[in-house]
Amino acid sequence: MSSAVDLAPQELRVLVAVAEEGGFSAAAVRLGATQSGVSHAVRGIERKVGVVLFERGRFGARPTPAGARTVAHARRVLRMLETLVREARETPGGEIAGPLRIAAFRSAALHLLPPVLERLSARHPGIEATVTVVREIGPGTAGEVAEGRADLGIAGLGTSSPIPPQLVGDVLLEEPYALVHPAGHPDPRSLPLVDWRENCSSYTRQWWAAQDWIPAATVRAEDDGAVLSMVGSGLGMAIMPALSLTAAPPGTEITDLGPERPTRRVGYVTTPELAATAAVRALVRELRASVKPQVSGG
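Residues numbered from 1 in each chain as written. Predicted model: local features only at pLDDT ≥ 70, side-chain atom pairs only at ≥ 80, totals over all residues. Heavy atoms only, no water.

Direction vectors running N to C along helix H1 (residues 9-21) and helix H3 (residues 35-49) enclose 110°, while the axes themselves pass 10 Å from each other. Taken together, H1 and H3 sit at an angle that is classed as roughly perpendicular. Here the hand of the crossing between H1 and H3 comes out left-handed. Residue-level contacts link Glu 11, Val 14, Leu 15 and Val 18 of H1 to Val 38, Ala 41, Val 42, Ile 45 and Lys 48 of H3. (Axes fitted to C-alpha atoms, helices over the stretch in contact; angles between N-to-C directions. Helix = DSSP H or I, 4+ residues; strand = E, 2+ residues; numbered from the N terminus. Parallel < 35°, antiparallel > 145°, perpendicular 65-115°, else oblique. Left-handed = near helix turned anticlockwise from the far one by under 90°. Contact = heavy atoms within 4.5 Å.)

Considering the arrangement of structural elements, one finds Glu 286 in helix H10 (residues 278-291). Setting aside residues up to four positions removed in sequence, Glu 286 forms contacts with Val 116, Arg 119, Leu 120 and Arg 123.

This part covers the environment of Val 49. Structurally, Val 49 is set in helix H3. For Val 49, a relative accessible area of 26% gives the class partly exposed. Between the C-alpha atom of Val 49 and that of Gln 206, which follows or precedes it by 157 residues, the distance is 45 Å. (Buried < 20%, exposed > 50% of the residue type's maximum accessible area, 1.4 Å probe, protein only.)

Along the chain, Val 134 turns up in the loop between strand S4 (127-133) and helix H6 (140-146). The spatial distance from the C-alpha of Val 134 to the C-alpha of Val 71 is 20 Å, given a sequence separation of 63 residues. Residues in contact with Val 134, not counting those within four places in the same chain, are Ala 103, Ala 104, Phe 105, Gly 140, Thr 141, Glu 144 and Glu 198.

Turning our eyes to something else, we now look at helix H2 (residues 24-31). Residues spaced three or four apart along an α-helix point in a common direction, a consequence of the helix completing one turn every 3.6 residues. Listed in full, the buried residues belonging to H2 are Phe 24, Ala 27 and Ala 28. The buried side chains of H2 occupy one side of the element, clustering within an arc of 105° when seen end-on. Contacts made by the buried residues of H2 are with H1, H3, strand S1 (54-57) and strand S2 (60-63). Downstream of H2 by one or two residues, Gly 32 has phi in the positive range, about 70°. (Arc of directions from axis to C-beta.)

Right, let's get into the packing of aromatic side chains. What the rule picks out here adds up to zero aromatic pairs. A cation over an aromatic ring shows up here: Arg 62 above the ring of Phe 59, its NZ or CZ 4.1 Å from the ring centre. (Phe/Tyr/Trp six-rings, centres within 6.5 Å; stacked < 30°, edge-to-face > 60°. Lys NZ or Arg CZ within 6 Å of the ring centre and 35° of its normal.)

Geometry of a packed helix pair, given as the angle between the helix axes and the separation of the axes. It is the contact of helix H5 (residues 106-123) with H10, at a shortest axis distance of 9 Å, that shows an interaxial angle of 130°. If you check the angle between H5 and H10, you find them oblique. Considering how the two elements wind past one another, H5 and H10 form a crossing that is right-handed. Contacts between H5 and H10 pair Leu 112, Leu 113, Val 116, Leu 117, Arg 119, Leu 120 and Arg 123 from the former with Ala 282, Leu 283, Glu 286, Leu 287, Ser 290 and Val 291 from the latter. Classifying every residue of the contact of H5 with H10 gives nine nonpolar, one polar and three charged. (Nonpolar A, V, L, I, M, F, W, Y, C, P; charged D, E, K, R; others polar.)

This part takes up the nonpolar core. Formed by 28 residues in total, the largest nonpolar core has its most connected members in Leu 100, Leu 112, Ile 127, Leu 152, Ile 154, Leu 283 and Leu 287. For this core, the secondary structure elements donating two or more residues are strand S3 (98-104), H5, strand S5 (152-157), strand S6 (168-182), strand S11 (263-270) and H10. In this structure, Ile 154 is in contact with Ala 103, Ala 104, Phe 105, Ala 108, Leu 112, Leu 113, Thr 141, Leu 172, Val 266, Gly 267, Tyr 268 and Leu 287, ignoring residues within four places of it in sequence. Counting 18 residues, the second largest nonpolar core, distinct from the first, contains Leu 12, Val 38, Phe 54 and Leu 78. (Core = buried A, V, L, I, M, F, W, Y, C linked by side-chain atoms within 4.5 Å.)

Moving on, we get to the pairing of S4. Bridge count for S3 against S4 is seven bridges, and the pairing is parallel. Bridge pairing links Ile 102 to Val 131 in S4. Between the parallel elements S3 and S4, the chain passes through H5 in a crossover that is right-handed. (Pairing = 2+ DSSP bridges. Right-handed = clockwise from strand over helix to strand, strands pointing away.)

Here we come to the environment of Leu 179. Summarising the element assignment, Leu 179 is placed in strand S6. Discounting residues that sit within four places of it in the chain, Leu 179 has contacts with Arg 189, Trp 213, Met 237, Ala 238, Ile 239, Glu 253, Ile 254, Thr 255 and Leu 257.

Dropping the structure here:
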């Protein structure tokens, strides 16, 4: 059996294309190849690694569990090959350039990243940053990084969502939760609770469970923006983290929950290999500079 180290970059591109396009024909179109050529390449790769990577059927081609892991590694290897060539050509202290893929949950993309990316662009105009908004449900933004679809993710971190073992990262800020309700309401705690699935970790849920004044959610929204809109329309109250409340709409009022209020840790995650690249290091520096005044201990 051939060693897996025999895999060439083009073979990795074939794996990624088949996984992302869902079949050999579509992958062939994307790669400018023939369907038979792609199918032959996948069979050759499977012989090299010694496992079946795709399930074939009328539905097309779907990665097996081993195939999904292999495709994630393939994306990351291809990304590092691009970075290797780019950074090898750069001179020490020279301009940092190239693509930088960021995954972030909605409120971080709206309120945390824009000033960070503005400063990053001013200092390093050659960096081409793109942001993908990812729901913090299941793998979330960390999953995008682990799968090789993002270079860095802005993620909610905590005991219920530790940094995946194959990634590295750190906490950027700890933001408090607060009560948001229709402005001027005489008894906002009597209102129905409006919530959304991404809202908080199990730690915060435990805090909620200990508060006998918080009812079960009777109104659910798709995201934190929809929650704020409903609260502003008088449909209920909500308990939300500071980033989500950065641009609370007219008609809402924010009330502090006191010293025992829950908090959410927001940080970044990346791969060990990308953490050493110039573009990711530059982004992390700007993130730290941006949030330093906001970090709190409670």
